[in-house]
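# Tertiary structure, described
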Amino acid sequence: MATVHDSSAKRRIHKELLTLQREANHPDINDKTLRCFEITTNPDDNIFEWHVKLRAPEESMYAGGIFNLKITFPTDYPFKPPSVVFLTRIYHPNINANGNICLDILRESWTPALTVQKVIISLISWLDEPNPKDPLVPEIGRLYITDIEAYKKKVKEYVRLYAKDN
């Protein structure tokens, strides 16, 4: 039996999904960011789990990369943030080898006013503007701060090895 939270969360998640799909395919909306990702829901109709294919923007240092992510919503969404995990390996100071993300809007800065669309847009800009001073992977954060060119070279290598033709 569904709880009150469960059914209100389902309504909110479904509404966000429809909005994202409508805006991503609308010819009058020129937001290139919305065209960077495709969302599908779990095949068993579990609206609480989304699969995202994120194509890095052309101007990004991750350009050419296609990253698979999984978004899992809690039953008390939007009062608690969704969990976002990179399934594709990525070289980033705020994403560890398990794909876990250290992003403030998915933790202490979460507010029910945020939507998944805002989270994904933040993720896309955050790819090229990480927080190396509060890294989940300290050695990557150090490289970003001390040798940005070596960092960019590693990013390109990871894109080539792990994020092509997913």
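Residues numbered from 1 in each chain as written. Predicted model: local features only at pLDDT ≥ 70, side-chain atom pairs only at ≥ 80, totals over all residues. Heavy atoms only, no water.

Per an unreviewed UniProt entry, the chain goes by the name E2 ubiquitin-conjugating enzyme and belongs to Vavraia culicis. Per UniProt, the chain carries the Sequence similarities (unreviewed entry) text "Belongs to the ubiquitin-conjugating enzyme family." (UniProt positions renumbered as here; feature names shortened; annotations may be inferred.)

A word on the sheet that holds strand β2 (residues 49-55). As summarised here, the arrangement of the four strands in space is β1-β2-β3-β4, forming an open sheet in which the pairing is antiparallel. The sheet terminates laterally at β1 (37-41) and β4 (83-86), the two strands that pair on one side only. Direction aside, neighbouring strands of the sheet carry axes that sit 25° apart on average. Where strand β3 (residues 66-72) and β4 come together, four bridges link them in antiparallel fashion. (Pairing = 2+ DSSP bridges. Helix = DSSP H or I, 4+ residues; strand = E, 2+ residues; numbered from the N terminus. Axes fitted to C-alpha atoms, helices over the stretch in contact; angles between N-to-C directions.)

We now examine the pairing of β3. Sheet topology places β2 next to β3; seven bridges connect them, and they run antiparallel. For Trp50, the partnering residue across the bridge sits in β3 and is Ile71.

It is worth spelling out the UniProt feature "active site" (unreviewed entry) in the chain at this point. Here the UniProt feature "active site" (unreviewed entry) sits at Cys102. Its location among the elements puts Cys102 in the loop between β4 and α2 (116-128). If near-sequence neighbours (up to four positions away) are discounted, Cys102 is found in contact with Asn94, Arg107, Trp126, Asp134 and Leu136. (Contact = heavy atoms within 4.5 Å.)

Locating Thr88 in the fold gives a position in the loop between β4 and α2. A polar contact of 2.8 Å, which involves the side chain of Thr88, links it to the backbone nitrogen of Asn68. (Polar contact = N/O pair within 3.5 Å; in protein donor to acceptor, adjacent residues only side chain to side chain.)

So, on to the nonpolar core. The nonpolar side chains of a soluble globular protein tend to be buried with one another. Membership of the largest hydrophobic core comes to 46 residues, with the highest contact counts inside it found for Trp50, Leu54, Tyr62, Phe67, Phe86, Ile101 and Leu123. For this core, the secondary structure elements donating two or more residues are α1 (4-24), β1, β2, β3, β4, α2, α3 (138-146) and α4 (148-162). Top contributing element to this core by residue count: α2, with seven residues. Excluding residues within four positions of it along the chain, Leu54 makes contact with Cys36, Phe37, Gly65, Ile66, Phe67, Leu69, Phe86, Ile124 and Leu127. (Core = buried A, V, L, I, M, F, W, Y, C linked by side-chain atoms within 4.5 Å. Buried < 20%, exposed > 50% of the residue type's maximum accessible area, 1.4 Å probe, protein only.)

Mapped onto the secondary structure, Lys53 falls in strand β2. Separated by 17 residues in the primary sequence, Lys53 and Cys36 have C-alpha atoms spaced 8.2 Å apart.

With the rule as written, the count across this model stands at nine aromatic pairs. Aromatic side chains Trp50 and Phe73 sit 4.9 Å apart centroid to centroid with 65° between the ring planes, which places their arrangement in the edge-to-face category. Of the two residues, Trp50 is situated in strand β2 and Phe73 in the loop between β3 and β4; the sequence distance between them amounts to 23 residues. Accessibility expressed as a relative area gives 0% for Trp50, which makes it buried. Assessed through its relative accessible area of 4%, Phe73 is described here as buried. Centroid distance Phe73 to Tyr77: 4.8 Å. Interplanar angle 75°. Geometry classified as edge-to-face. An aromatic cluster of three or more residues is present, and its members are Tyr91, Tyr144, Tyr151, Tyr158 and Tyr162. (Phe/Tyr/Trp six-rings, centres within 6.5 Å; stacked < 30°, edge-to-face > 60°.)

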